[in-house]
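Each chain is listed here by its residues.
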Amino acid sequence: MQYDIGVVGLGVMGANISKNISKNGFKVTTFDFFDEVKVARESELNEYDVHISDTIENFVHQLASPKIILMLVKSGEVTDNTIDRLVQLLDEGDILIDGGNETYTNTDRRSKALKEQGVHYIGMGVSGGEEGALNGPALMPGGDKEAYDKVSYIFNQIAAVADDGRPSVSYIGPEGSGHYVKMVHNGIEYADMELISEAYYFMKYGLNMSNQEISDVFHEWNKGELNSYLIEITSEILKFKNEDGEYVIDLILDRAGQKGTGKWTGIEALSLGIPLSMITDSVFMRCLSSLIDERRRISDVYKNEVKIIEEDKETLLESLRRALYLSKILAYQQGFRLLQEASDAHNWELKLGEISMIWRKGCIIRAQFLEKINQAYIENPELDNLILDDYFKTIVEKYQQDLRVIAVTAIQHSIPMSVFNSAISYFDSITKARTSANMIQAQRDYFGAHTYERLDKEGSFHTNWF
């Protein structure tokens, strides 16, 4: 038998996406370099009529031409080694797809190298976790357009489908643009998760609310403009109890892990000179969370306990809802601003509105207001900041005072809300026609003769400050 597509890597994502492809009518063969993994997956893949090849040679030879291979293996060296093994068995015109969380620079490098060997290469961001992989992820393929056109019929079938019937996949652009967009998606995800976690902390410790009460609040918020996957699952998490009747959330260690994509996003922002304060602060909060022993020692010294808020709870909860929505908008805005700058720097011609539509279904940051983002770019394709769009401008004007109230209340009551504070700080900075940077320029000129520009004259100037 000849198979339509092969999948390398039978971790959770690889196994589930193989099932997804098969149940959508394609013949799938798979391979993993570890025999114990193949054995462990055999029964579940058999249920979906997914074949497991015994050797990599048989895996490749059983594929119809042009051979289409999707890799879902660890990024970096493991992906390089996998490609080295596969390329020896491929023919000119065959197609390799990397569906892992990979740095776009690695994708660029591999694309160029494989092109010289006549093999097409696609770097594809895949979002949605294990559930999305099985039932419909959001896909962000970039790279060889000719190759994409040959495999798009598979992507369109396996991707999540939005309420308007549109699949959550679209060609992103050349080179490593697909992985770049997925990286920024993950950066936004970091900020979104941190904001929701800070809102939970504010309610639990500042307002002294029970887990069930907080769950009910998130459930109600999810019915309105905050409607999103992350708000929905937060409500579910908060009310979940184990067999002993204990809330699981209260048993979880407060140390958050990370895979690196948030850090990569921050590094890219620094490289391109784009302010990404909310996303980078969310990464730093995960770093801070890992310092458990250090935090406990310092806590014993300073006794900086959260103070219970005495103000009207219902009024504060509405301010918190508004503050969260505005902060989420600002986090997404920062991510889209980075995408715009990267598109210009790499000549990718990214369609930002289309990217927002891909994220409406299947991915972790899917949210109702992504359609508002798409509409903003439809109305003004040259839009360089989302808060200049009429819809978002209205939200900012209505909700910014609520964000200030929550930030000030948190500071007064020793409630750590780093990314909420970052949101209002970013807004206050980006909305000022004149900032304090003139003083920085003067200082640089004073100690290093770096020169400065002037308001009233063209050119560079230096003052003999001594």
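Now for a description of the structure that goes with this document. (Residues numbered from 1 in each chain as written. Predicted model: local features only at pLDDT ≥ 70, side-chain atom pairs only at ≥ 80, totals over all residues. Heavy atoms only, no water.)

### Describing the pattern of salt bridges
- All chains considered together, the criterion is met by 28 salt bridges.
- A salt bridge links Arg41 to Glu44, with the shortest nitrogen-to-oxygen separation between them at 3.0 Å. With a gap of three residues between them, Arg41 and Glu44 both fall in helix α2 (residues 35–47), about one helical turn apart.
- The exposure class of Arg41 is buried, given its relative accessible area of 17%.
- Where Glu213 meets Lys313, a salt bridge forms, and the shortest distance between an N and an O atom there is 3.8 Å. Of the two residues, Glu213 is situated in helix α9 (residues 211–221) and Lys313 in helix α14 (residues 313–346); the sequence distance between them amounts to 100 residues.
- Taking relative accessible area as the criterion, Glu213 reaches 34% and is therefore assigned partly exposed. (Salt bridge = Lys/Arg side-chain N within 4 Å of Asp/Glu carboxyl O. Helix = DSSP H or I, 4+ residues; strand = E, 2+ residues; numbered from the N terminus. Buried < 20%, exposed > 50% of the residue type's maximum accessible area, 1.4 Å probe, protein only.)

### Quick look at the packing of aromatic side chains
- What the rule picks out here adds up to 19 aromatic pairs.
- Relative to Tyr399, the ring of Tyr325 has its centre 6.4 Å away and its plane inclined at 65°; by these criteria the two rings are edge-to-face. In this pair, Tyr325 sits in helix α14 while Tyr399 sits in helix α17 (residues 390–412), placing the two residues 74 residues apart along the sequence. The same class applies to Tyr325 and to Tyr399, which are both buried. (Phe/Tyr/Trp six-rings, centres within 6.5 Å; stacked < 30°, edge-to-face > 60°.)

### What about α9?
- Listed in full, the buried residues belonging to α9 are Asn211, Ile214, Ser215, Val217, Phe218 and Trp221. Taken around the axis of α9, the buried residues stretch over an arc of 160°, which confines them to a single face.
- In this structure, the buried residues of α9 make contact with α8 (177–206), α10 (229–239) and α14. (Arc of directions from axis to C-beta. Contact = heavy atoms within 4.5 Å.)

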